[in-house]
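The chain contents come next:
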Amino acid sequence: MSFQQTTLPIQGASGTTYRFTVYPWGTQFQSFGAVYTVLRNNGGGRYSILYVGQTGDMEERFDDHHKQRCFDRNGKTHIGVLPEPNEQRRLAIESDLVNAYNPPCNG
């Protein structure tokens with residue numbers, strides 16, 4: 001079964017648009033820093049943002065995520081990934097997106 005990668009533009013509170021690559025939930029990643037969004041596919045190419053986070057290691061981040069129950073309760077289906085090696089930049093992007101969307105699993 002193949003999966004065609006989708007690019008999802010997400011605009012932050014600052015007006016900056018970030019382009020996330022969307023993967024099915026459960027995708028295994030290599031080790032790299034990134035901002036990520038936990039998503040629910042609403043059909044028709046539309047997604048709800050359930051959570052925005054950042055990590056220095058995408059390979060390990062989802063093994064035992066502290067918000068997993070919230071992801072499950074809200075019907076997560078996909079993860080959006082924006083590679084970013086710089087931690088300060090990741091934190092700024094994460095904050096920009098949380099301020100714009102107030103996702104249900106953040107906070």
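Residues numbered from 1 in each chain as written. Predicted model: local features only at pLDDT ≥ 70, side-chain atom pairs only at ≥ 80, totals over all residues. Heavy atoms only, no water.

Engineer: Would you mind showing me how to read the packing of aromatic side chains here?
Structural biologist: A ring pair, where both rings are aromatic, is described by two values, the distance of the centres and the angle of the planes. Tallied over the entire structure, the rule returns 5 aromatic pairs. Judged by centre distance (5.1 Å) and plane angle (90°), the ring pair of Tyr 23 and Phe 29 falls under edge-to-face. An aromatic cluster of at least three residues, connected via ring pairs, comprises Trp 25, Tyr 36, Tyr 51 and Phe 71. (Phe/Tyr/Trp six-rings, centres within 6.5 Å; stacked < 30°, edge-to-face > 60°.)

Engineer: I would appreciate a short explanation of the nonpolar core in the present structure.
Structural biologist: The biggest cluster of nonpolar side chains holds 14 residues, and the ones touching the most others in it are Tyr 36, Met 58, Ile 79 and Val 81. Elements with a contribution of two residues or more to this core: β3 (34-43), β4 (46-55), α1 (68-73) and β5 (78-83). Counting residues per element, this core draws most heavily on β3, at 3 residues. Core analysis: the second largest hydrophobic core is formed by 13 residues, Ile 10, Val 22, Leu 39 and Ile 49 among them. (Core = buried A, V, L, I, M, F, W, Y, C linked by side-chain atoms within 4.5 Å. Buried < 20%, exposed > 50% of the residue type's maximum accessible area, 1.4 Å probe, protein only. Helix = DSSP H or I, 4+ residues; strand = E, 2+ residues; numbered from the N terminus.)

Engineer: Quick question: what am I supposed to make of the side chain of Lys 67 here?
Structural biologist: Its location among the elements puts Lys 67 in the loop between β4 and α1. Although Lys 67 is buried, it makes no salt bridge; Glu 94 carries the closest opposite charge, 10 Å away. (Lys, Arg positive; Asp, Glu negative; His and termini not counted. Salt bridge = Lys/Arg side-chain N within 4 Å of Asp/Glu carboxyl O.)

Engineer: Help me out: how do you make sense of the state of the cysteines in this one?
Structural biologist: Where two cysteines share a covalent bond between their sulfur atoms, that bond is called a disulfide. The final tally for this structure, using the stated rule, is 1 disulfide. Here Cys 70 engages in a disulfide with Cys 105; their sulfurs sit 2.1 Å apart. Judged by the sign of its S-S torsion, about -90°, the cystine formed by Cys 70 and Cys 105 is left-handed. With Cys 70 in helix α1 and Cys 105 in the segment after α2 (87-101), the pair connects residues that are 35 residues apart, well separated along the chain. For the pair Cys 70 and Cys 105, one class covers both residues: buried. (Disulfide = S-S within 2.5 Å.)

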